[in-house]
Amino acid sequence: MLKLTLNGYELAYERRGKGTPLLLVHGFPLDHTIWEPLLPLLEDQFDLVLPDLRGFGWSGRPASQYSLRDMSADLLALLEHLEIENALVAGHSMGGYIAMDMERAFPRRILGLGLVATQPAADSAERKASRAQEAMAVIADGVAGTAERMAGILTSDPDLQKNLKSLILRQDPGGVAGALLAMADRDDSTELLSHLDLPVVIIHGLQDAIIPVEKARQMNAMLKQGALVTLEGAGHMPMMESPRECAEALLTLLH
Ligand code: MLT
């Protein structure tokens, strides 16, 4: 892994391929390795940048609480470090919340968006409360409960469930709790979507048990330059469940 030192912690990332810069932002509570099945399908066309968000994978994190905007700022710092002026950004679920936030915060840097298994709305009051509760449980008892709860709903593929469970089990409880609180506090991006003037591709599994495909259809209806790709047989992890279709959809951002 490559590392960039930020304010007292390191941001880990991989870089692969050649072409138009494409930042691939993983979801919760995962790391950059979820994108691995896509890399051979994309590396001839894209300069792929795969960060581990702060608190996940091989990245460190600050001791005090942070926001999704802070995570966006880490990714802008990474692009600057790599001397990438403009990039396409594809985000998975929480990574999609961050991709939309990057567009809000640094619009001139973003060439287009891939929104994978994500949604624009902020959390309801109930969801904020349940995230806060889960964050406390993760700090007290570790990530095993989250791994158990999520592995079964991320996908219906039993082998993939096993892999995802071990991926979640190796995450830092402080990072998982930090992301839960950051997601609870995120801005709503619904308004942003209707004003976007750049290419967007939405990729969503028809069997997504975490964010129903209806949310993707609603997002698509708001976009001026949007395309929606729905995937039969895929749940919340289309880049692992349907890598070929997912790669084809991301390639459309080049045209
Ligand atoms: C994710 O997959 O990143 C999260 O489940 C999204 C969320 O909890 O809102």
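What counts, and at which threshold
- Residues numbered from 1 in each chain as written.
- Predicted model: local features only at pLDDT ≥ 70, side-chain atom pairs only at ≥ 80, totals over all residues.
- Heavy atoms only, no water.
- Helix = DSSP H or I, 4+ residues; strand = E, 2+ residues; numbered from the N terminus.
- Rg over C-alpha atoms; globule rule 2.2 N^0.38 Å.
- Contact = heavy atoms within 4.5 Å.
- Buried < 20%, exposed > 50% of the residue type's maximum accessible area, 1.4 Å probe, protein only.
- Near = heavy atom within 4 Å.
- Polar contact = N/O pair within 3.5 Å; in protein donor to acceptor, adjacent residues only side chain to side chain.
- Nonpolar A, V, L, I, M, F, W, Y, C, P; charged D, E, K, R; others polar.
- Expected span 1.5 Å × (residues − 1).
- Pairing = 2+ DSSP bridges.
- Axes fitted to C-alpha atoms, helices over the stretch in contact; angles between N-to-C directions.

J.: Can you break down the overall build of the protein residue by residue, with the values?
T.: Scanning the protein from N- to C-terminus turns up 11 helices and eight strands. Taken over C-alpha atoms, the radius of gyration comes to 17 Å for the protein, in line with the 18 Å a tight globule of 255 residues would show. Seen along its three principal axes, the alpha-carbon backbone of the protein occupies a region of about 50 × 40 × 35 Å. In the protein, the share of contacts with a sequence separation of at least 24, taken over all contacts with a separation of at least 6, comes to 77%.

J.: So what about unusual backbone geometry? Which residues, and what values?
T.: Backbone geometry follows two general trends: most residues other than glycine have a negative phi, and most peptide bonds adopt the trans configuration. Backbone torsion omega between phenylalanine 28 and proline 29 reads -10 degrees, so that peptide bond is classified as cis. One can find proline 29 in the loop between β3 (20–25) and α1 (39–42). Here the phi dihedral of glutamate 83 falls at roughly 55 degrees; this positive angle occurs in a residue that is not glycine. Its place among the elements puts glutamate 83 in the loop between α2 (68–81) and β5 (87–92). For glutamate 83, a relative accessible area of 71% corresponds to the exposed category. One non-glycine residue, alanine 117, adopts positive backbone phi at about 50 degrees. Mapped onto the elements of the fold, alanine 117 is located in the loop between β6 (110–116) and α4 (125–141).

J.: Pulling in residues and values, what's your account of the site of the ligand?
T.: In the vicinity of the ligand, the residues found are Gly27, Phe28, Ser93, Met94, Tyr97, Arg127, Arg131, Met150, Met183, Ile210 and His236. Between tyrosine 97 and the ligand, the recorded distance is 2.5 Å, taken from a side-chain N or O atom to an oxygen atom. The side chain of arginine 131 places a nitrogen or oxygen atom 2.7 Å from an oxygen atom of the ligand. Counted by class, the shell around the ligand contains six nonpolar, three polar and two charged residues.

J.: With reference to specific residues and values, describe helix α7 (residues 173–184).
T.: An α-helical turn contains 3.6 residues, so any two residues separated by three or four positions project in the same direction. Between its first and last C-alpha atoms α7 spans 17 Å; for 12 residues at 1.5 Å apiece the expected length is 16 Å, and the two agree. Listing the buried residues of α7 in full gives Gly174, Gly175, Val176, Ala177, Gly178, Ala179, Leu180, Ala182, Met183 and Ala184. At its buried positions, α7 is contacted by α2, α3 (94–105) and α4. Structurally, the start of α7 carries an N-cap: the backbone nitrogen of glycine 174 is 3.0 Å from a side-chain oxygen of aspartate 172.

J.: Describe the sheet that holds β3, with residues and values.
T.: With mixed pairing, the eight strands of this open sheet are ordered in space as β1-β2-β4-β3-β5-β6-β7-β8. Across the chains shown, the open sheet's two edge strands, defined by having one partner strand only, are β1 (2–5) and β8 (226–231). Recorded for the sheet is a direction-independent mean angle of 20 degrees between the axes of neighbouring strands. Pairing of β3 with β5 involves four bridges; the strand directions are parallel. Directly across from valine 25, in β5, lies its bridge partner glycine 91. Running at roughly 145 degrees to β5, α3 makes contact with β3, β5 and β6 of the sheet.

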